[in-house]
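Chain and residue survey
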Amino acid sequence: FVMAAGGYPFDPSTANGRVARWSFDLASSGTTWKETILGPGGDLPKTAHRDYLKDYEIVYMGIFNPELGPPINSGPTGAGFNCLMRLNVKTGAINVWSQPNTTLQEPVLIPSRQAGHEGYLAVVCDLHASNTAQVLLFEAASIASGPIARLHIPMRQRCGVHGTWVHAEDL
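To keep things clear, this report deals only with the structure shown in the data block.

The rules behind each value
Residues numbered from 1 in each chain as written. Predicted model: local features only at pLDDT ≥ 70, side-chain atom pairs only at ≥ 80, totals over all residues. Heavy atoms only, no water. Helix = DSSP H or I, 4+ residues; strand = E, 2+ residues; numbered from the N terminus. Buried < 20%, exposed > 50% of the residue type's maximum accessible area, 1.4 Å probe, protein only. Contact = heavy atoms within 4.5 Å. Patch = residues over 30% accessible without salt bridge, like charges linked within 9 Å, V, L, I, M, F, W, Y side chains within 5 Å. Areas by Shrake-Rupley, 256 points an atom, 1.4 Å probe, with all protein chains shown as cover. Salt bridge = Lys/Arg side-chain N within 4 Å of Asp/Glu carboxyl O. Phe/Tyr/Trp six-rings, centres within 6.5 Å; stacked < 30°, edge-to-face > 60°. Pairing = 2+ DSSP bridges. Axes fitted to C-alpha atoms, helices over the stretch in contact; angles between N-to-C directions. Polar contact = N/O pair within 3.5 Å; in protein donor to acceptor, adjacent residues only side chain to side chain. Core = buried A, V, L, I, M, F, W, Y, C linked by side-chain atoms within 4.5 Å.

A few words now on the overall build of the chain. Of regular secondary structure, the chain possesses 0 helices and 11 strands. Ordered by position from N to C terminus, the α and β elements of the chain give β-β-β-β-β-β-β-β-β-β-β. Burial statistics for the chain: of 171 residues in total, 35% are counted as buried. In the chain, once contacts between residues fewer than 6 apart in sequence are set aside, the share between residues at least 24 apart is 42%.

Next up, the structure:
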């Protein structure tokens, strides 16, 4: 493909992928729906297991922000995520964390047993300059504050996607 201005393999000004909710009126015989834009584009938003198939409020996901620089090739899909995001789909509030010269893999939500605690996010962070990785642990409710723990791994990791966390006693 041909690189567009700024070194991107696309024109960021025309890219319009977003997190959206589609609403269908099942009582209607029509074939239309309503689209509501909820936040910036990303991939595979995670919700807490307790919120599956319910009117949820919070999602977590990796996103690519072109304002942070050109994409870094990461895995079979090309450009890697350069931000971790918490999005409140009801209010539009966004909480984001990023780190230069890294890509993030898909986050895993670790539920908390403490009432009212949102849980934790674990995400593999590829450190491209050193060809190593870290597993980062965040308080899910405040990822912009940065990781609360870092597990250093002496090599880069293959892309890890579609993970989930299950407490041993729940198996």
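Glancing now at a nonpolar patch on the surface. Judged by side-chain polarity, W22, F24, L26 and W33 come together as a nonpolar surface patch covering roughly 550 Å² of accessible area. Mapping W22 onto the fold places it in strand β1 (residues 18-24).

Here we come to the packing of aromatic side chains. This structure, assessed with the given rule, holds 3 aromatic pairs. Here the aromatic rings of F24 and W33 are separated by 6.0 Å at their centres, their planes lie at 40°, and the arrangement is tilted. Exposure remark for W33: the relative accessible area of 46% places this residue in the partly exposed category. On the basis of an interplanar angle of 65° and a centroid distance of 5.1 Å, the ring pair of W97 and F138 is categorised as edge-to-face. In this pair, W97 is assigned in strand β6 (residues 94-97) and F138 in strand β10 (residues 132-139), connecting sequence segments 41 residues apart.

Before going further, it helps to examine the pattern of salt bridges. Taken as a whole and assessed by the stated rule, the structure comprises 3 salt bridges. Note that K46 is salt-bridged to E106, the shortest N-O span being 3.0 Å. Of this pair, K46 sits in strand β3 (residues 43-46) while E106 is found in the loop between β7 (102-104) and β8 (108-110), placing the two residues 60 residues apart along the sequence. Accessibility classification places K46 together with E106 in one group, the buried group. E118 is the salt-bridge partner of R86, the closest N and O atoms lying 2.9 Å from each other. Taken together, the positions of R86 in strand β5 (residues 83-88) and E118 in the loop between β8 and β9 (120-127) put the pair 32 residues apart, joining distant regions of the chain. No difference in accessibility class separates R86 from E118, as the two residues are buried.

With antiparallel pairing, the 4 strands of this open sheet are ordered in space as β3-β4-β5-β6. In the strand order of this sheet, the two ends are held by β3 and β6, each with one partner. Taken pair by pair, the neighbouring strands of this sheet meet at an average axis angle of 20°, ignoring direction.

A word on the side chain of N88. Tracing the sequence through the fold places N88 in strand β5. In terms of polar contacts, N88 uses its side chain to reach the side chain of E57, at 3.0 Å. A polar atom in the side chain of N88 sits 3.0 Å from the backbone nitrogen of T91. Excluding anything up to four places from it in sequence, N88 contacts E57, I58 and A93.

Before going further, it helps to spend a moment on the nonpolar core. Among the nonpolar cores identified, the biggest contains 16 residues, and L84, L104, L121, L136 and F138 are the most heavily contacted of them. Secondary-structure elements contributing two or more residues to this core are β4 (58-63), β9 and β10. Take this core: its biggest share by element is 4 residues, from β9. Of all hydrophobic cores here, the second largest spans 9 residues; its members include L38, V59, C83 and L87.

By themselves, these observations are geometric and do not establish any function.
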